[in-house]
Amino acid sequence: MAESENIVAETAERIFADLADIQTINRDSKGGWKAPLWLALTEAGLPLSWVPEDCGGSAASLAEGFSVLSSAGRFALAVPLAETMLAGWLLAQAKITSPEGAMTVAPAGPRDRIALNADGTLSGRARGVPFAGDARHLAVLATGAGGFAIALVDAGHCRIERGLNLAGDGNDTVTFNDVQPAAIKPAPAGFDQTALMLMGAVARSLQIAGALESMLDVSVRYSNERIAFEKKISKFQAVQHNLARLAGESAAALAAATSAADAIAGGQAFDDAVFLEAASAKIRCSEAAEKGAAIAHQVHGAIGFTIEHILHRFSLRALAWRDDFGSESYWAVELGRLVAARGADELWPLVASR
């Protein structure tokens, strides 16, 4: 990690540690912790990390922003930090100034489409948009006769049907009925919905990897505290085996997610190499979330399933994030199509180049 990345990550970590303590959040059923946390994040410039200064942002590098997302995953944050960062990044592709306040992106799934009408309005529906009901604005990627366009839309002008994901966070359906955007510009050449989905997939992969790290820490700590048959359960071979498996899943997810983040941060375009890294990361991290959550809850036993315990805040979010910006099954199919299209002789050189 470069020194600048380290500074940004440490800033985020300090804010999360001070204002997003998982035990405090778990006891606060009214969500009073959210406003102070968001204020601190905003003052530090983290929600608009990927927005250039001339567009109202902090002008942090992609690598610095990715380090923030990894930290956010370790705290299983239930605020639209990642979504606002992605929205600001999307708007910055078209040099559209980012407004203040929480944002999210639409579409948030690879199969949804937003149409740009001839009169400049937007129509369509986007399902599974995270935190749309809590956002002031949406950054929208729309498709028109002339190609892709990026738009800034006031959330109040859309019909938003509230929904919840597995973790109880906003997972809404947004309908655009001839909505007039606040700003709209053509997307840069070569930028399409796949690029947006890949960026979102890597963001979620980093968050999943962070949540798995915390699940491992919580599980190891609990195994050293829980006494059964007059000794710590960490002394039982079966528990040790499970913790080793959980550590392996966590390490694999972290390696895949950081490799994909490095590929995007160091690349010039969303080419086949980035596609391979990002799609593979979402697939591997999603698989790790499923296996890791099961292991962590098995180590904890019944207490891990109670609403009072902090484990579910990590496990449920890691599982919920699997579906955002393309599920592992979707990316597995797309990755297979890429490999098939390139041909057998190109597979090993592509993999070896990473």
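These numbers were taken from a predicted model, which means no experiment stands behind them.

Asker: Looking at this structure, I do not really get the overall build of the protein chain. What am I missing?
Answerer: Per the secondary structure count, the protein chain includes 11 helices and 10 strands. In summary, the protein chain has a C-alpha radius of gyration of 20 Å against a globular reference of 20 Å for 354 residues, a match within 12%. Along the first, second and third principal axes, the C-alpha atoms of the protein chain reach 75 × 55 × 40 Å. By residue count, 55% of the 354 residues in the protein chain fall in the buried class. Looking at the protein chain alone, contacts between residues at least 24 apart form 72% of all its contacts between residues at least 6 apart. Taking the average place of the 30 positive charges on the side chains of the protein chain and the average place of its 40 negative ones, the gap between the two points comes to 6 Å.

Asker: Would you explain helix 4 (residues 62-74) in this entry?
Answerer: Every α-helix winds through 3.6 residues per turn, so residues three or four apart in the chain are directed the same way. Between its first and last C-alpha, helix 4 extends 19 Å over 13 residues, near the 18 Å set by a 1.5 Å rise per residue. Burial within helix 4 is extensive, with 11 of its 13 residues counted as buried. Burial in helix 4 covers these residues: A63, E64, G65, F66, S67, V68, L69, S70, S71, A72 and G73. Just beyond helix 4, the residue with positive phi is A76, at close to 50°.

Asker: What exactly am I supposed to notice about the packing of helix 4 against helix 7 (residues 237-266) here?
Answerer: Each pair of packed helices can be described by the angle between their axes along with the distance between the axes. Following both chains from N to C, one finds helix 4 and helix 7 inclined at 155°, their axes separated by 9 Å at the closest point. In terms of orientation, helix 4 lies roughly antiparallel with respect to helix 7. Our pair here, helix 4 against helix 7, has a crossing hand that is right-handed. Contact residues: helix 4 offers L62, A63 and F66, while helix 7 offers A261, I264 and A265. The class makeup of the residues in the contact of helix 4 with helix 7 is 6 nonpolar, no polar and no charged.

Asker: Honestly, the packing of aromatic side chains in this entry has me stumped. Any pointers?
Answerer: In this description, a pair of aromatic rings is defined by centroid distance and the angle of the planes. Taken as a whole, this structure holds 7 aromatic pairs when the rule is applied. Taking 6.5 Å as the distance between ring centres and 75° as the angle between the ring planes, the aromatic pair formed by F229 and F236 counts as edge-to-face. Of the residues examined, F229 reaches a relative accessible area of 77% and is grouped as exposed. A residue is classified by how much of its surface remains accessible, and F236, at 25% relative accessible area, is partly exposed. Pairwise contacts between aromatic rings join W89, F191 and F270 into one cluster. Stacked on the ring of F236, the Lys or Arg K231 has its end atom at 4.6 Å from the ring centre.

Asker: Would you mind showing me how to read the packing of helix 8 (residues 272-300) against helix 9 (residues 311-320) here?
Answerer: Two numbers describe how helix 8 lies on helix 9: the axes approach to 9 Å, and their chain directions differ by 160°. Considering their axes alone, helix 8 and helix 9 lie roughly antiparallel with respect to each other. The handedness of the crossing between helix 8 and helix 9 comes out as left-handed. Facing helix 8, whose interface residues are A289, E290, A293, A296, H297 and H300, helix 9 presents L311, H312, S315, A318 and L319. Taken together, the residues of the contact of helix 8 with helix 9 sort by class into 6 nonpolar, 4 polar and 1 charged.

The rules we used
Residues numbered from 1 in each chain as written. Predicted model: local features only at pLDDT ≥ 70, side-chain atom pairs only at ≥ 80, totals over all residues. Heavy atoms only, no water. Helix = DSSP H or I, 4+ residues; strand = E, 2+ residues; numbered from the N terminus. Rg over C-alpha atoms; globule rule 2.2 N^0.38 Å. Buried < 20%, exposed > 50% of the residue type's maximum accessible area, 1.4 Å probe, protein only. Contact = heavy atoms within 4.5 Å. Lys, Arg positive; Asp, Glu negative; His and termini not counted. Charge placed at Lys NZ, Arg CZ, Asp CG, Glu CD. Expected span 1.5 Å × (residues − 1). Axes fitted to C-alpha atoms, helices over the stretch in contact; angles between N-to-C directions. Parallel < 35°, antiparallel > 145°, perpendicular 65-115°, else oblique. Left-handed = near helix turned anticlockwise from the far one by under 90°. Nonpolar A, V, L, I, M, F, W, Y, C, P; charged D, E, K, R; others polar. Phe/Tyr/Trp six-rings, centres within 6.5 Å; stacked < 30°, edge-to-face > 60°. Lys NZ or Arg CZ within 6 Å of the ring centre and 35° of its normal.

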